[in-house]
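# Report on the structure
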Amino acid sequence: MKKKMIFLVLMFVQAVLYAQPRFDSSVFKPAKPQTTAPVQVVYSAKDKDLEFSDAIHATFFLFEDFDWKQISVSMQKNATGLWTVAVPVKPTTAFIAVKFYQGEADRPDAIDNNQDRGYAIALADGKGNSVEGAYLGEAAFQVPAIAGGGIFSYYNSQPPAMPAAYLKGLAEKEFALSGKHYLRYFQPFMNLQKLALEGAFPAYAKKLINDQIKQKAISDQNLNQLYSFASARLHDNALTQLIEQRVNTDFPTGATARFIAYSNTMGSSPNKAEVIASYENFLQRFPVKQWRQHPNGQGFIYYAVYRGLGSAYFDSKQLDKFAKLYDDIDFRTGNELMRWNIMRAYMFKMVGKDSLYQVSEAILPKLIARKGDNSYQEDFDRQTQADSNVVKNLDDRLFTHISLLNDLKKYEEARKYFLLLSEDGKYNNAELNEINLQVLEGLGDDKQVLPLLEMSARYNAMTPRMFDKLKAIYLKGHAGDEGGYQAYLTGLKSNEEKAAMQAYVDHNWVNHPMPDFRLETAEGLFITPEDWKDKIVVVDFWATWCRPCIMAFPGMQLLVDKYAQDKHVAIYMLGTMQTGNYKDKSVNYVRGEGFRFNLLHDSVNPQTNEQDLVFKQLVPLFGDSSIPRKIIVKNGRVRYCSGGYSGSPSKLMDELSLAIEILKNEK
């Protein structure tokens, strides 16, 4: 009997010790702070990582209205060497945690969060009673997944699990304290209960939801919470249908009914007719104009519905219906529909150009008319960012339409749309500048050609043909004397452009050994490092399947032509990561397009049988396996490295030329 009692006592003591919070509350003053006054924090850094800091800050994590908020403040050191600060709280602040640090809040030099155990405390009201959310906050602080939000940033690593019995006790206390309002904090409360009840949770949740939907007075918003939980978390079809019936009875045109109807659309069906019918039925039942009279957070539904319906119309060649959608949709949705359907169809020749012109011409004026509707506002923190995004996207859509008009030789219309581009949009895209040169030539408007070329040069967005045209105009005006042409060309570029180019090149200097190699040329010969001795060698890693690589070819041709007579500079296009008969693919493509390149083929890796032996040895330098990738080699070492393509042949030529000249002038 005595042994049994000792065992029970030990079990009780163990349970009590086990069911304790792991955080430290001793830094807070008083020991039981109330919401009626700022909470005082007194911190001793002795024997901690911040002991020798001359400036300590504190980030407070406050659980208010069942959600986490953060405040960062600086602390003061008192005469006894303790660091102090007071943080204001609200009547709804239920729980508070603090992390001490030195440096910047988002990049601290050192921190103290009690070795990931935490410094925290629950608050009471003016009468000493716990604030609603206190126990939920205690649980959510130690198990961040319960309430999510910014509390994850409190920890350096994922906190260990808490005992289910401890969490169950917190859940029971919270329900006793604020259970009548539990739908206000339904998701975190259910997350807590799931951890506390473990295998018994589904039955508990089902009963709780059943009891709730039987209540006479329940809001549409609460039904939405219950529906989402029953369908997405419990996966209980019967319970989901019960909630749906209640929704359709009490709120047939409300937000929850709208969400349910959207969830039941057939967007993933391979049957286009089925997709179209489901989306059309949704819009008939829940018109977007009706929603706009009382907008809520469900704008994403209409964005998805119109995107799906528009693509289905377009793919099934119902282009009139596609264009008709632009009577109702906002700029954000219309922009995406035009980008995905019109631009894609133009690039991949999916629709005849005459038909594509008809629909593009019908929708573009409507899209332009809605550019000020602020439909991108929620996607950005600042209005200026949203406005800038609208300008960029509209420039891109105009680019596609102007390209189409140019192909169809509708030069008058193309010129009209060119004038609608933003100032940057008119000149910072080399491909569009080339198109506009063609438009001016088609119109016979010689007076506008030189201003276009000079502005394009200022933005450093020139194609090879544009350089030829500009030089021809210059020579004509200078009696064939090209002595001042280079100075004229250099003078056209803005100081901002020159400074940006210099900064970009400075950022890309490296010093890395070039792997040993034996590379085959297009003629079947081989080169080795010995062939590059005493030369500055530009290598462009590319592949026939890489569209940005191909787009950069005009810029590489400009570079090749510029250094054609320089015996100390060599430029090679090195095909890599290709399959099949990669040698013929590379050679035939380059020669078929009229480029005059020195071609090399990357070697096959004998261990993997992949054509990437040299490229993969340089991946540690690159940081990734993407192409195009340009390197410049001097004396057996890679000295310069840049990736991607800006879209401007002239900018690419200037970048690599600048790097070459700097290396040539090294002592």
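For every chain, the first residue of the written sequence is number 1, and numbering continues from 1 along that sequence. In keeping with the model being predicted, local features are shown solely for residues with a pLDDT of at least 70 and side-chain atom pairs are shown and tallied solely at 80 or more, while totals for entire chains, interfaces and linings include all residues. The side-chain numbers reported here are obtained from all heavy atoms of the structure, hydrogens and water having been left aside.

### Things to note about the overall build of the protein chain
As a reminder of what qualifies: Only DSSP runs of H or I covering at least 4 residues are called helices, and only runs of E covering at least 2 are called strands; the numbering of each starts at the N terminus. As defined in this context, the radius of gyration uses C-alpha atoms, and a globule is described by 2.2 Å times the residue total to the power 0.38. Residue exposure (1.4 Å probe, protein chains only): buried if accessible area is under 20% of the type maximum, exposed if over 50%, otherwise partly exposed. Throughout, a residue-residue contact means that at least one pair of heavy atoms, one from each residue, lies within 4.5 Å. Under the convention used here, a 1.4 Å probe and the Shrake-Rupley method define accessible areas, while residue burial counts only the protein chains that appear.
Each helix and strand in the protein chain was counted, giving 28 helices and 17 strands. Here the C-alpha radius of gyration of the protein chain, 34 Å, is well above what a compact globule of 667 residues would show, namely 26 Å. Dimensions along the principal axes, computed over C-alpha positions, put the protein chain at roughly 110 × 65 × 55 Å. In the protein chain, which comprises 667 residues, the share counted as buried stands at 46%. Taking the contacts inside the protein chain whose residues are at least 6 apart along the sequence as the reference set, 68% of them involve residues at least 24 apart. Counting every atom, the protein chain has about 34000 Å² of accessible surface; 52% of that belongs to carbon and sulfur.

### Remarks on the packing of helix α13 (residues 331–347) against helix α14 (residues 353–369)
Quick note on the threshold: Axes here refer to lines fitted to C-alpha atoms; in helices the fit is confined to the stretch in contact. Angles between the N-to-C directions go from 0 to 180 degrees. Should an angle fall under 35 degrees it is taken as roughly parallel, and over 145 as roughly antiparallel, whereas 65 to 115 is taken as roughly perpendicular and any remaining angle as oblique. Each crossing gets its handedness from the near helix: less than a right angle anticlockwise from the far helix is left-handed, clockwise is right-handed.
Where α13 contacts α14, the two axes come as close as 11 Å, and the packing angle between them is 165°. Judged by the inter-axis angle, α13 sits roughly antiparallel to α14. Our pair here, α13 against α14, has a crossing hand that is left-handed. The segment α13 lies against α14, with Phe-331, Gly-334, Asn-335, Met-338, Ile-342, Ala-345 and Tyr-346 engaging Lys-353, Leu-356, Val-359, Ser-360, Ile-363, Leu-364 and Leu-367.

### Considering the nonpolar core
Inside soluble globular proteins, nonpolar side chains tend to come together where they are buried. The condition that has to hold: As used in this record, nonpolar core signifies buried Ala, Val, Leu, Ile, Met, Phe, Trp, Tyr and Cys residues forming a set joined through side-chain atoms within 4.5 Å.
Ranked by size, the top nonpolar core spans 193 residues in total, and within it Phe-100, Phe-141, Ile-243, Trp-532, Phe-541 and Ile-631 carry the most contacts. Discounting residues that sit within four places of it in the chain, Phe-141 has contacts with Phe-23, Trp-68, Phe-95, Ala-97, Arg-117, Gly-118, Tyr-119, Ala-120, Ile-151, Tyr-154 and Tyr-155.

### Observations concerning the pairing of strand β14 (residues 569–575)
Applied cut-off: The criterion for strand pairing is that DSSP finds at least two bridges linking the strands in question. With its strands directed away from the observer, a crossover is right-handed exactly when the path from the first strand over the helix to the second travels clockwise.
By the criterion of burial, β14 is predominantly enclosed, with 7 of the 7 residues buried. Residues Val-569, Ile-571, Met-573 and Gly-575 point to one face of β14 and Ala-570, Tyr-572 and Leu-574 to the other, with burial holding for every one of them. Strand direction decides the pairing type here: strand β13 (residues 536–542) and β14, joined by 7 bridges, are parallel. From the neighbouring strand, Ile-536 faces β14, where its bridge partner is Val-569. Pairing geometry for β14 and strand β15 (residues 599–601), over 3 bridges, is parallel. Counterpart to Leu-574 in the pairing with β15 is Leu-600. Following the backbone out of β14, through helix α25 (residues 582–592) and into the adjacent parallel β15, one traces a crossover that is right-handed.

### Some points on the state of the cysteines
What counts is decided by this rule: Here, two cysteine sulfur atoms that lie within 2.5 Å of each other are counted as a disulfide.
Overall, the coordinates contain 1 disulfide when judged by the stated rule. Two residues share a disulfide in this structure: Cys-546 and Cys-549, whose sulfurs sit 2.3 Å from each other. As the torsion about the S-S bond is roughly 80°, the Cys-546-Cys-549 disulfide counts as right-handed. You'll find Cys-546 and Cys-549 in the same group, each marked buried.

### Quick look at α25
The condition is simple: The directions considered for the arc are those from the helix axis to the C-beta atoms.
Within the span of α25, buried status applies to Tyr-582, Ser-586, Val-587 and Val-590. What you see down the axis of α25 is that its buried residues fit within an arc of 125°, all on one side. Relative to its buried face, α25 has exposed residues pointing more than 90 degrees away, namely Asn-588, Arg-591 and Gly-592. Of the surrounding elements, those touching the buried residues of α25 are β13, α24 (553–562) and β15. After α25 finishes, the residue Gly-594 shows a positive phi value of roughly 85°.

### A few points about the sheet that holds strand β10 (residues 509–513)
Strand pairing in a sheet relies on backbone hydrogen bonds, with the paired strands running either antiparallel or parallel. Across the sheet, which stays open at both edges, the 8 strands sit in the order β10-β17-β16-β13-β14-β15-β11-β12 with mixed pairing between neighbours. Edge positions in the sheet fall to β10 and β12 (526–527), since each has one partner strand and no second. Summarising the sheet, β10 and strand β17 (residues 637–643) pair through 3 bridges and their orientation is antiparallel. Paired with His-512 across the strands is Val-638, a residue of β17. Here α25 sits on the sheet and contacts β11 (519–521), β13 and β15; the angle it forms with β15, its principal contact strand, is near 165°.

### Here we look at the side chain of Ser-422
Among the secondary structure elements, Ser-422 is positioned in the loop between α16 (411–418) and α17 (423–427). Take Ser-422: its relative accessible area is 19%, and that puts it in the buried class. For Ser-422, the residues in contact, after removing those within four places along its chain, are Val-391 and Asp-395.

### Topic: the sheet that holds strand β5 (residues 76–77)
Taken in spatial order, the 4 strands of this open sheet run β1-β2-β6-β5, and their pairing is antiparallel. In this open sheet, the two edge strands, each paired with only one partner strand, are β1 (28–29) and β5. Bridge count between β5 and strand β6 (residues 83–87): 2 bridges; the pairing is antiparallel. Paired with Lys-77 across the two strands is Trp-83, which belongs to β6.

### Quick notes on the environment of Ala-261
Tracing the sequence through the fold places Ala-261 in helix α8 (residues 255–263). Accessibility expressed as a relative area gives 15% for Ala-261, which makes it buried. Linking Ala-261 and Tyr-279, residues 18 residues apart in sequence, is a C-alpha distance of 9.6 Å. In this structure, Ala-261 is in contact with Phe-282, Arg-285 and Phe-286, ignoring residues within four places of it in sequence.

### So, the pairing of strand β3 (residues 57–64)
Along β3, 8 of the 8 residues are buried, which leaves the element largely enclosed by surrounding structure. In β3, alternate side chains face the same way, and those of His-57, Thr-59, Phe-61 and Phe-63 on one face and Ala-58, Phe-60, Leu-62 and Glu-64 on the other are all buried. Pairing of β3 with strand β4 (residues 67–74), which is carried by 8 bridges, proceeds in the antiparallel orientation. Counterpart to Phe-61 in the pairing with β4 is Gln-70. If you look at the hairpin formed by β3 and β4, you'll find 2 residues sitting between the two strands, and Asp-65 has a positive phi there, around 55°. Judged from the 8 bridges that link them, β3 and strand β7 (residues 93–103) form a sheet pairing that is antiparallel. Bridge pairing in β7 links Phe-63 to Phe-95.

### Points about the confidence of the model for the protein chain
Going by this rule: Per-residue confidence from the predictor is reported as pLDDT, a score between 0 and 100.
Chain-level statistics for the protein chain give a pLDDT mean of 93 and a share of 97% at 70 or above. pLDDT under 50 marks residues 6–18. Its contacts with residues more than four places away, or in other chains, come to 1 contact.

### Section: the environment of Lys-409
Within the secondary structure, Lys-409 sits in the loop between α15 (383–407) and α16. Separated by 29 residues in the primary sequence, Lys-409 and Gln-438 have C-alpha atoms spaced 9.5 Å apart.

### Here's the deal with a nonpolar patch on the surface
Let me state the cut-off plainly: Patch membership requires more than 30% relative accessible area and the absence of a salt bridge. Residues of like charge join within 9 Å; the nonpolar side chains Val, Leu, Ile, Met, Phe, Trp and Tyr join within 5 Å. Salt bridge criterion: a side-chain nitrogen from Lys or Arg within 4 Å of a carboxyl oxygen from Asp or Glu.
A contiguous nonpolar patch, built from Met-347, Phe-348 and Met-350 and spanning about 300 Å² of accessible area, is present on the exposed surface. Within the fold, Met-347 resides in helix α13.

### Some words on unusual backbone geometry
A cis geometry characterises the amide bond from Lys-29 onward to Pro-30, with omega recorded as -5°. The topology assignment puts Pro-30 in the loop between β1 and β2 (39–43). Located in the positive-phi region is Asp-534, a residue other than glycine, with phi close to 60°. Within the element layout of this structure, Asp-534 appears in the loop between β12 and β13.

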